[in-house]
Amino acid sequence: MHTVWKGSISFGLVNIPIRMFTATEERDIRFRQLHKECHTPIKYTKMCPHCEREVDASEIVRGYEYEKGHFVMIDDSDLEAITPETRRAIEILDFVDLKEIDPIYFDKSYFLSPQETGEKAYALLRAAMEQSGKIAVAQVTMRNRQSLAVIRLYEHCIMLETIYYPDEVRPVSQVPALPEATITLSENELKMATELIGNMTVAFDPAKYTDEYRAQLQSLIEKKLEGQEITTAPTVARANVIDLMQALKESLATTGGQAAGPIKIEPEPTTSGAKTKPNKKRAASAKNDPSAQEASKASISTSTTKTLRRKKATSV
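Residues numbered from 1 in each chain as written. Predicted model: local features only at pLDDT ≥ 70, side-chain atom pairs only at ≥ 80, totals over all residues. Heavy atoms only, no water.

A.B. asks: Describe in detail the overall build of the chain, supporting the description with residues and values.
C.D. replies: A count of helices and strands for the chain gives seven helices and 11 strands. When each of the 316 residues of the chain is scored for burial, the buried share is 19%. By sequence separation, contacts in the chain at least 24 residues apart represent 60% of the contacts at least 6 residues apart. Carbon and sulfur atoms make up 54% of the accessible area of the chain, which totals about 25,700 Å². (Helix = DSSP H or I, 4+ residues; strand = E, 2+ residues; numbered from the N terminus. Buried < 20%, exposed > 50% of the residue type's maximum accessible area, 1.4 Å probe, protein only. Contact = heavy atoms within 4.5 Å. Areas by Shrake-Rupley, 256 points an atom, 1.4 Å probe, with all protein chains shown as cover.)

Below, the structure written as structure tokens:
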């Protein structure tokens, strides 16, 4: 792992020298933009539209746009003058319960490991936090930016997670079209929805969740590298949802629960009044053929679903 920051954890009068490592990484497959004619990667240059020429990095300065087209200039000495003295220290401010912090506040995760002289102090803080069950709220300055953070345990490692300041989290009142908390709900629908949640509740196992799109994209790239022909799988049409209650009933049946109340099923009428005589040979063959029996069951299931939808549409 590459060290992204070195400093110390300030814990009362205790100083724990640590190194910081990025704990997570994005695995997105990224594409380069190429010139269609020659497949050369496109180069982006920094141009000054006023001088109409490319600008070197040494010619670029910082400016804050306080009005459209008006800037106040900020240089390195200005930033250094206001950078906190604790720029190389993670200063613990308080200890709190993890459950008191909503996940919306969490931003970026980092692993912390002790430097050469900090093993014992590191182990002491880790043991104390494990025994108390608390996490620490801290401040840290990285890349000339002061961040709010929490220090907590992840397995047997102390980790730091930067979190947003309260004024960086948008208020829920800005979200449009939210239903009122007092909206009237059907007791039966609520009961079924709660039962559905119960049927789908499992112990969290992160290994079972995979990025299927990324895997398919990686496979596509590998096939193209091997010169294979790329084919597209047909998409399965999604059935229309009849209404909320019917959707809940079907979901409960799928997840192993039972729908509330029986559903009356009537035979689907034929398109003409004439009766169709069964083929005796085909019927006898289907009786002994497992695949034919499965196809028959699927046909009955499809017919039943269509009947339910037709009855529902008629009643509406």
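A.B. asks: Account for the sheet that holds strand β8 (residues 106-114), naming residues and giving values.
C.D. replies: The strand order around the closed barrel built from seven strands is β1-β2-β8-β11-β10-β9-β7, with neighbouring strands paired in mixed fashion. Strand-to-strand twist of the sheet, defined as the mean angle between neighbouring strand axes without regard to direction, takes the value 40°. Two strands pair when backbone bridges link them, and strand β10 (residues 145-154) and strand β11 (residues 157-163) are joined in this way by seven bridges, in the antiparallel orientation. Counterpart to R152 in the pairing with β11 is M159. (Pairing = 2+ DSSP bridges. Axes fitted to C-alpha atoms, helices over the stretch in contact; angles between N-to-C directions.)

A.B. asks: For the nonpolar core, give the residues involved together with the corresponding values.
C.D. replies: Ranked by size, the top nonpolar core spans 24 residues in total, and within it I9, I18, M20, I90, L112, I151 and L160 carry the most contacts. Elements with a minimum of two residues in this core: β1 (3-11), β2 (14-22), β7 (89-96), β8, α2 (119-132), β9 (135-142), β10 and β11. Once residues lying within four places of it in the same chain are set aside, the contact partners of I90 are W5, S8, I9, S10, I18, M20, L112, A138, Q139, V140, I151 and L160. (Core = buried A, V, L, I, M, F, W, Y, C linked by side-chain atoms within 4.5 Å.)

A.B. asks: Could you give an account of the confidence of the model for the chain, with specific residues and numbers?
C.D. replies: Overall, the predicted model of the chain reaches an average pLDDT of 81, with 75% of residues at or above 70. Taken as a whole, residues 260-287 scores under 50 in pLDDT and shows 18 contacts with residues more than four places along the chain or in a different chain. The low-confidence segment residues 290-309, where pLDDT is below 50, has 15 contacts with residues more than four positions distant or belonging to other chains. (pLDDT = per-residue confidence, 0-100.)

A.B. asks: Just give me the short version of the pairing of β7, but keep the residues and values in it.
C.D. replies: Bridge count for β1 against β7 is three bridges, and the pairing is parallel. Bridge pairing in β7 places S8 opposite A89. Sheet topology note: the β7/β9 ladder contains five bridges and is antiparallel. Counted as the bridge partner of D94 is V137 from β9.

A.B. asks: I'd like to hear about the pairing of β9, residue by residue, with values.
C.D. replies: The side chains of a regular strand alternate, residue by residue, between the two faces of the sheet. Counting buried residues in β9 gives seven out of eight residues, a clear majority hidden from the surface. If you look at the hairpin formed by β9 and β10, you'll find two residues sitting between the two strands, and R143 has a positive phi there, around 55°.

A.B. asks: Could you give an account of unusual backbone geometry, with specific residues and numbers?
C.D. replies: Here the phi dihedral of H39 falls at roughly 65°; this positive angle occurs in a residue that is not glycine. Topologically, H39 is positioned in the loop between β2 and β3 (47-48). A relative accessible area of 57% means that H39 is categorised as exposed.

A.B. asks: Tell me about the packing of aromatic side chains, residues and numbers included.
C.D. replies: Geometry of an aromatic ring pair is reported as the spacing of the ring centres plus the angle between the planes. In the structure shown here, the tally under the stated rule is three aromatic pairs. Taking 6.0 Å as the distance between ring centres and 20° as the angle between the ring planes, the aromatic pair formed by F204 and Y209 counts as stacked. Using a relative accessible area of 49% as the deciding quantity, one classes Y209 as partly exposed. (Phe/Tyr/Trp six-rings, centres within 6.5 Å; stacked < 30°, edge-to-face > 60°.)

A.B. asks: If you had to explain α2 to someone new, which residues and values would you point to?
C.D. replies: Taking 1.5 Å per residue, 14 residues should reach 20 Å; α2 reaches 20 Å between its end C-alpha atoms and fits that length. Among the residues making up α2, those that are buried are Y122, L125 and M129. Down the axis, α2 shows its buried residues gathered within 65° of arc, on one side only. More than 90 degrees from the buried face of α2, the exposed residues found are K120, L124, E130 and Q131. (Expected span 1.5 Å × (residues − 1). Arc of directions from axis to C-beta.)

A.B. asks: Tell me about the pattern of salt bridges, and please be specific about residues and values.
C.D. replies: Under the counting rule described, the total for this entry stands at seven salt bridges. Close ionic contact of E59 with R53 constitutes a salt bridge, the shortest N to O distance being 2.7 Å. Overall, the relative accessible area of 41% leaves E59 in the partly exposed class. The exposure class assigned to R53 is partly exposed, which follows from its relative accessible area of 40%. (Salt bridge = Lys/Arg side-chain N within 4 Å of Asp/Glu carboxyl O.)

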